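Chain and residue survey
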Amino acid sequence: MGSYRICMCFTRKFKVTEAQPPEDVKEAFSKYANGGPHMTAEQLGRFLVEVQGEAEDAATAAETILQQILQKRHHHIAKFTRRALVLEDFHHYLFSSDLNPPIHNKVHQDMTAPLSHYYIFTGHNSYLTGNQLTSDCSDVPIIKALKKGVRVIELDIWPNSSKDDVHVLHGRTVTTPVDFTKCLKSIKEHAFSASPYPVIITLEDHLNCDLQAKVAQTLSKVFGKMLFYPESECLKEFPSPEELKHRIIISTKPPKEYLEAQSFKETDNTVLNQKDSDDDVWGKEPSCLTADQEEEDKSDNEKADQNPDYYDDDQCESRREAPAYKRLIAIHAGKPKGGMEEALKVEPDKVRRLSLSEQALEKAAGSHRTDIVRFTQKNILRVYPKGTRFTSSNYRPQVGWLHGAQMVAFNMQGYGRSLWLMEGMFRANGGCGYVKKPNVLMTGPDNEVFSPKAKPSPVKKTLKVKVYMGDGWHMDFKQTHFDTYSPPDFYTRVGIAGAPADEIMLKTKTKVDNWTPVWEEEFTFPLTVPELALLRIEVHEYDVSEKDDFGGQTCLPVSELKPGIRAVPLCNRKGEKLNSVRLLMRFHIS
């Protein structure tokens, strides 16, 4: 029972009740229990195969699942009493995100294709703890990213003040540096805590040849046999994630003569007062975010101090190259001379990595979209945030994904809807940090290349989503967290992020004064590119006088959804799973 005081004189009392099973759950129980009060392991197995779409071996495992349910519900007495479920047990099982998750939790995709065939969970300026101009540099955000499953770590390496050692920092800002070796040791310790698949370190190199040689020595010393050395100077094809399990891969431009900056304008403090388009935690809808919303910063487009791939490979005189440094570069970065056509040229005997800012990608996508897709079939494209994202906000990841970009680099230290989408994408394939690109982005029949903006696109699949109910807020939040005077008024937003034609956001009705809201509303989503569709789920609490409160969110890859009735755990703004909050939903794809 909860009490809410009104005007210091009156008290309203509300009882937090356990929501009853939805009608669909009652009907499923009655059907598979043959109308009786108990469901046996055999009957549960039939339900798992026929309704939940589980493999046939799930039926044989039903006895184990039944024991898990009873143990969780009734603890020590379960082993001495009945061997069947009642309706409440069945409902509890369906509403348990541990026993009945919405997506697959194991690696199930083919991991033997070249690296260029995968989207790779990629960080940007991985060492920054906060904003891009004044925050501290540390190994802590690197560790957090690796534990989250991020597979690409970016380090900006600069000479220290005496030019005899290497620091990691965001150059030409007032960020405090962190020791290069310390970062490497943290990467070694935590690289494979979340995934056995390779970690790629992209180095934004601002060093002279002597310090490059020192970097090579440090990398070899710290990583030892973990470090992958390419068999030849230029790879003709990238190895596969399977081949590179538990290996560290280095990606940077080949050695060049150290280019010291002649001059630069010191960043005015007023830039800190400027807001990014995605600055607010609520932000704008990702579909509304474009690179044109902020004034274009010319220095972040094709200038050397922002784009490490701007320089030519041959700018370093061969007599001053650091050969040991050059030998350990497995993924060569570099931008050929000439325009975008040259940059996107596919070479038959060599693969490489190209980096483009989010703005440059959007501009190139206007006239070179099929060239970009063709380039990414064999080579790697990295997309990074524009330089004016001072607060470490992010951008629309779908633009890069739709064009086949493997490394869509994000600021992992922030949060907001764009980052929620990134985290949702990499929940796929067991959360291993590598997600196989859909066949549509590889060469089609008659060497046809996918065009992201081709119209009209036929509907390939239809997703039906039913939102039954929610629970757990009263356990994870204080009684007055959402409303001082009454229980919360929850509603759920459900929608799709992906191809432009598929993007939509819908919402349920608001359930007033209820900690365990029951909606029982169904939504239908036609999908033209289902392989890249993400199901967006957000719960908010309606507020008449102020902005609606946040109640939880998650994003799930549509291609990974398990059919049937599922428990969907929700996360907080930072992407951390809430302890108890979850929704009961049903998914059907046709």
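All values derive from a computational prediction rather than experimental measurement.

Let's talk about the packing of helix H6 (residues 140–148) against helix H7 (residues 180–190)
It is at 9 Å that the axes of H6 and H7 come closest, and there the two elements cross at 20°. With respect to H7, the axis of H6 lies roughly parallel. By crossing handedness, the relation of H6 to H7 is classed as right-handed. In contact with Ile142, Ile143, Leu146 and Lys147 of H6, H7 contributes Cys183, Ser186, Ile187 and His190. Classifying every residue of the contact of H6 with H7 by side-chain character gives five nonpolar, two polar and one charged.

Points about the sheet that holds strand S11 (residues 380–384)
Sheet architecture is open: three strands sit in the order S10-S11-S12, paired in parallel fashion. Among the strands making up the open sheet, the edge pair consists of strand S10 (353–357) and strand S12 (407–408). For S10 and S11, the ladder comprises five bridges, and the chain directions are parallel. Within S11, the position partnered with Arg353 by the bridge is Ile380. Strand contacts of helix H11 (residues 358–376): S10 and S11, with the helix running at about 150° to S10, the strand carrying the most contacts.

Let's talk about the side chain of Ser392
Here Ser392 lies in the loop between S11 and helix H12 (397–402). Given the relative accessible area of 3%, Ser392 is considered buried. One polar contact links Ser392 to Gln132, side chain to side chain, over a distance of 2.8 Å.

Overview of helix H8 (residues 209–223)
The end-to-end C-alpha distance of H8, which contains 15 residues, comes to 21 Å, matching closely the 21 Å that a straight helix rising 1.5 Å per residue would cover. Within H8, burial applies to Cys209, Leu211, Gln212, Val215, Ala216, Thr218, Leu219, Val222 and Phe223. Of the surrounding secondary structure, the elements contacted by the buried residues of H8 are strand S4 (152–159), strand S5 (166–168), H7, strand S7 (199–205), strand S8 (248–252) and helix H9 (323–327). Looking one or two residues past H8, Gly224 carries a phi angle of roughly 55°, positive in sign.

Regarding unusual backbone geometry
Negative phi characterises most residues that are not glycine, and trans characterises most peptide bonds. Positive phi, normally seen in glycine, also occurs at Asn125, with a value near 45°. Examined against the element boundaries, Asn125 turns out to sit in the loop between strand S3 (118–120) and H6. At Asn429, a position not held by glycine, the phi torsion is positive, near 55°.

Observations regarding the pairing of strand S16 (residues 504–507)
Relative to S16, strand S15 (residues 490–497) runs antiparallel, the two being bridged by four bridges. Bridge pairing in S16 links Ile496 to Ile504. Between S15 and S16, which pair antiparallel in sequence order, lie six residues.

Re the nonpolar core
Nonpolar side chains in soluble globular proteins generally cluster together in the buried interior. Counting 80 residues, the largest nonpolar core has Leu155, Ile187 and Ile248 as its most contacted members. If you look at the next biggest cluster of nonpolar residues, it comprises 29 residues, including Val494, Leu561, Val568 and Phe587.

Quick notes on the confidence of the model for the protein
With 84% of its residues at a pLDDT of 70 or more, the protein shows a mean pLDDT of 86. A low-confidence stretch, residues 257–282 stays under pLDDT 50, and its non-local contacts, those more than four residues away or across chains, total 54 contacts. Across residues 292–319 the pLDDT falls below 50, and counting only partners more than four positions away or on other chains, this stretch makes 69 contacts in the model.

A closer look at the sheet that holds S7
Pairing within the open sheet is mixed, and its six strands lie in the order S6-S5-S4-S7-S8-S9. This sheet does not close on itself; its edge strands, each paired only once, are strand S6 (178–179) and strand S9 (329–332). Sheet topology note: the S8/S9 ladder contains three bridges and is parallel. Opposite Thr252, over in S9, you have His332 as the bridge partner. The sheet contacts of H8 involve S4, S5, S7 and S8, and relative to S7 the element is tilted by about 160°.

Side note on the pattern of salt bridges
Two side chains that carry opposite charge are able to pair once their charged atoms sit near each other. Throughout the structure, instances matching the rule amount to 21 salt bridges. In this structure, Asp24 engages Lys466 in a salt bridge whose closest nitrogen and oxygen atoms are separated by 3.3 Å. Here Lys466 lies in strand S14 (residues 461–471) and Asp24 lies in helix H1 (residues 23–32), a separation of 442 residues in the sequence. The same class applies to Asp24 and to Lys466, which are both buried. We note a salt bridge from Glu54 to Lys562, for which the minimum N-O separation is 3.9 Å. Taken together, the residues Glu54 in the loop between helix H2 (41–50) and helix H3 (57–60) and Lys562 in the loop between strand S19 (549–557) and strand S20 (564–571) connect sequence positions 508 residues apart. With relative accessibility at 23%, the residue Glu54 sits in the partly exposed group.

Rules behind the numbers
- Residues numbered from 1 in each chain as written.
- Predicted model: local features only at pLDDT ≥ 70, side-chain atom pairs only at ≥ 80, totals over all residues.
- Heavy atoms only, no water.
- Axes fitted to C-alpha atoms, helices over the stretch in contact; angles between N-to-C directions.
- Helix = DSSP H or I, 4+ residues; strand = E, 2+ residues; numbered from the N terminus.
- Parallel < 35°, antiparallel > 145°, perpendicular 65-115°, else oblique.
- Left-handed = near helix turned anticlockwise from the far one by under 90°.
- Contact = heavy atoms within 4.5 Å.
- Nonpolar A, V, L, I, M, F, W, Y, C, P; charged D, E, K, R; others polar.
- Pairing = 2+ DSSP bridges.
- Buried < 20%, exposed > 50% of the residue type's maximum accessible area, 1.4 Å probe, protein only.
- Polar contact = N/O pair within 3.5 Å; in protein donor to acceptor, adjacent residues only side chain to side chain.
- Expected span 1.5 Å × (residues − 1).
- Core = buried A, V, L, I, M, F, W, Y, C linked by side-chain atoms within 4.5 Å.
- pLDDT = per-residue confidence, 0-100.
- Salt bridge = Lys/Arg side-chain N within 4 Å of Asp/Glu carboxyl O.

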